[in-house]
Amino acid sequence: PAAPGTTVGPAFRLQDTTYLVEETEVSDTVGELSKLEQARRQAVFELQGLYAKTNADIGADEAAIFDAHLAFLEDPGLFSEIESWISDVRRNAAYAVSTVLDAHSAFLAADDNPVLQARAVDLQDIKQRLVRILNGTTNPIIQPSVPSVILAHDLLPSQTMLLDRDMVVAFCTVLGGATSHVAILAHGMGLPAVVGLGQGLLQVSDGTVLAVDGNNGIVHITPSAGQIAEFVVRQALEQEHQTRNLGQAKLPAQTSDGVRVALLANISTQADALEAMRYGAEGVGLLRTELFFMGRENAPNEDQQLAAYRAIADAMERRPITIRTLDIGGDKPVSYLVQPSESNPALGMRGVRLAIAQPDLLRAQLRAIWRIGPGYPVSVMFPMITTLDELLWLRNLSADVYTELVTAREPILDMLRIGIMVEVPSAAILAHHFAPLVDFFSIGTNDLTQYTLAVDRTNAAVSYLSDALHPAVINLIAQTTAAAHAHGKSVGVCGELAGDPNATSLLLGLGVSSLSMTPASIPTIKATLAGLDSTTAIAQAQQAIQQPTSAAVRALLARESLR
Ligand code: PEP
Ligand code: MG
């Protein structure tokens, strides 16, 4: 299960579209050859990622498909043919790729040998990938024409965001874990999602009726009339519950003894901000800025970023917003930031590591943030902080940007609060050293769990181990809140745990003062909070961190909530 909810709908397999190839005559053949080489490198990078993921999630046999694609990309014969269409025939790279690969694949497709016929499909796949890259990375997708259950191998955040929300009732994917970005986005869209269903999923044909239970991670293929009736009733009850909760959106979030906890929203776009307002968010606790950078040909410039951030700040009607700087890399790749392939991307050039290595991107982002303008309550936070040096470097850059803008007499924010995400265990363990240097901590439980328990958050095979309520994780949360409070700093949680009603009492008891979640979860957490007493929560949290296993923590939390 990746996002809760129950629904029934027809299956729609998400296909990549066929990219159009235009034929043009080029004069700068050297430039065109270098475009081809860049596209080839990008394709290698993408395929290595796919290979590693398929190998880990499904198995070596399935992964071998991508190994074969990689071998084609390394084939000098094939590429010298493509190059000669560029240098000798003076055609554009996309046309050259398409002509050569079409010819080879037609030849293979005509063979009687089924193994060679299959290779023709591989060549078409590679052609599509190269042409897509050469055309720019926008990924136009065919939309379903009726509201459907989307079936896909895996969904990139940018792909998910391109889908027409009105035509999607649920997501089901072959790959993915409970905290993958499909899960997070589905949750945010208020749609059920079931992930890690395995290859068989894609054998379900379009239009087949599916009953999706996102609460328990079950998908019935061609359900009986009785099952459909049951699902429809459950869906209606869920909607009724949601409507009742929405009615309380404007009421403050507090415990039965009057302790306030700020309930904030995790968002990526202006549309999300409007949704956050509907659900009664008091502000934005995490603005993930990656989506502005994904699914496009180059980075948005400073003015484009400024427009996007200000639109969000306006949509939030000047409630506080916390903007997270670019967290690219790992499970959030961006095609134009061609990075050398990494065998362990989650442990590689991610978040501030990439930002520090390529400071121009971050400088433009910080300038855009400062320029949102006077009167806006804005904070910034940095992802994937591992060492104090990184934080000091980033604070210096921010101070530089400030001086630059003041000197240029630009209208800027009155102040910018600076925080860090605590999502690498080293930051939690050394929280007492970080605390004096920040205005606040925001705990990213998705990554903190991944790195504490050594569980790849995108790997379905090990998702059973991924539990943010594991005592090792909650002890790091406790350590972070204790260090922050000793220095008079506040702590929020913005990972998925913040929206889990089973964890509300624990987080309150550990001294977390804000919870940031997908907007749709706010009403449930508000209702949960209203039923809690802060003194009991504190006592219970102290017991929880003594437990040896996740099961013991969960049992303790369940027992207390029955009282
Ligand atoms: C987290 O890691 O908990 C988090 C909120 O960041 P993201 O899910 O974007 O990595
Ligand atoms: Mg994170």
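Remember, predicted model here, so these are calculated numbers, not experimental data.

1. Points about the overall build of the protein chain
Step number 1: Check the secondary structure of the protein chain and you find 22 helices and 14 strands.
Step number 2: Relative to its 563 residues, the protein chain shows a buried fraction of 52%.
Step number 3: A separation threshold of at least 6 residues defines the contact pool for the protein chain, and within that pool the share at least 24 residues apart is 69%.
Step number 4: Of the roughly 23500 Å² of accessible surface on the protein chain, a fraction of 55% belongs to carbon and sulfur atoms.

2. Considering the sheet that holds strand β5 (residues 209-213)
Step number 1: Read from one edge to the other, the open sheet built from six strands follows the order β4-β3-β2-β1-β5-β6, with strand pairing classed as mixed. With one partner strand each, in any of the chains shown, β4 (193-194) and β6 (218-221) form the two edges of the open sheet.
Step number 2: Where strand β1 (residues 6-13) lies against strand β2 (residues 148-152), three bridges are found, and the strand directions are parallel. Opposite F12, over in β2, you have I150 as the bridge partner.
Step number 3: On top of the sheet, helix α8 (residues 225-246) reaches β1, β5 and β6; it is set at about 115° to β1, its chief contact.

3. With respect to the packing of helix α13 (residues 359-370) against helix α14 (residues 388-407)
Step number 1: Packing of α13 against α14 brings their axes to within 10 Å, and their N-to-C directions diverge by 55°. Judged by the inter-axis angle, α13 sits oblique to α14. When the axes of α13 and α14 are compared, the crossing they make is right-handed. For the pair formed by α13 and α14, the contact residues are P359, L362, R363, L366, R367 and W370 on the first element and W393, L394, L397, S398, D400, V401, Y402, E404 and L405 on the second.

4. A look at the coordination of the magnesium ion (ligand 2)
Step number 1: Summarising the metal site, the magnesium ion (ligand 2) is bound by the protein donors E423 (OE) and D447 (OD), whose distances to it range over 2.0 to 2.1 Å. Of the two residues, E423 is situated in the loop between β11 (417-422) and α15 (425-429) and D447 in helix α17 (residues 445-452); the sequence distance between them amounts to 24 residues.
Step number 2: Taking the relative accessible area as the measure of exposure, E423 reaches 2% and is therefore buried.
Step number 3: Assessed through its relative accessible area of 2%, D447 is described here as buried.

5. Things to note about the environment of R132
Step number 1: Tracing the chain through its elements places R132 in helix α5 (residues 114-134).
Step number 2: On the basis of relative accessibility, which here comes to 11%, the residue R132 falls in the buried class.

6. Points about unusual backbone geometry
Step number 1: Even without glycine at this site, M384 takes up a positive phi of about 65°.
Step number 2: Checked against the element boundaries, M384 lands in the loop between β10 (378-382) and α14.
Step number 3: Overall, M384 belongs to the buried group, its relative accessible area being 1%.
Step number 4: Despite not being glycine, A454 shows a phi value in the positive range, around 55°.
Step number 5: With respect to the element layout, A454 can be found in the loop between α17 and α18 (471-486).

7. Section: the pairing of β2
Step number 1: For β2, a buried count of five out of five residues is recorded, marking the element as mostly surrounded by other parts of the structure.
Step number 2: Relative to strand β3 (residues 168-173), β2 runs parallel, the two being bridged by five bridges. Directly across from V149, in β3, lies its bridge partner A170.

8. Regarding the pairing of strand β14 (residues 514-517)
Step number 1: Along β14, one buried face is formed by S514 and S516 and the opposite face, lined by L515 and M517, is buried too.
Step number 2: Strand direction decides the pairing type here: strand β13 (residues 490-493) and β14, joined by two bridges, are parallel. Across the sheet, the residue bridging to G492 is S514, located in β14.

Each value, and the rule that gives it
- In this numbering scheme, every chain counts its residues from 1 along its sequence in written order.
- All chains are assigned letters beginning at A, and all ligands numbers beginning at 1, according to the order in which they are written.
- Predicted model: local features are reported for residues with pLDDT of at least 70 only, side-chain atom pairs are reported and counted for 80 or more only, and whole-chain, interface and lining totals are derived from all residues.
- As a rule here, side-chain values cover all heavy atoms of the structure and leave hydrogens and water aside.
- Every helix listed is a DSSP run of H or I at least four residues long, and every strand listed is a run of E at least two residues long, numbered separately from the N terminus.
- Under the scheme applied here, a residue whose accessible area is under 20% of the maximum for its type counts as buried, over 50% as exposed, and between as partly exposed, the area being computed with a 1.4 Å probe on protein chains only.
- Any two residues whose heavy atoms approach within 4.5 Å are treated as being in contact.
- Shrake-Rupley sampling with a 1.4 Å probe provides the accessible areas, and residues are treated as covered by the protein chains on show and by no other component.
- Each pair of strands is called paired provided DSSP finds at least two bridges between the two strands.
- Only the stretch in contact is used when fitting a helix axis, every axis being a line fitted to C-alpha atoms; angles between N-to-C directions are given from 0 to 180 degrees.
- When describing relative orientation, an angle under 35 degrees is termed roughly parallel and one over 145 degrees roughly antiparallel, while 65 to 115 degrees is termed roughly perpendicular and anything else oblique.
- Helix crossings get a hand from a simple test, with the near helix turned counterclockwise from the far one by less than a right angle marking a left-handed crossing and a clockwise turn marking a right-handed one.
- Each metal's donors are the N, O and S atoms found within 2.8 Å of it, except that Na, K and Ca use a 3.2 Å limit; water is left out, so coordination can look incomplete.

Spatial relationships are all this shows, so hold off on functional conclusions.
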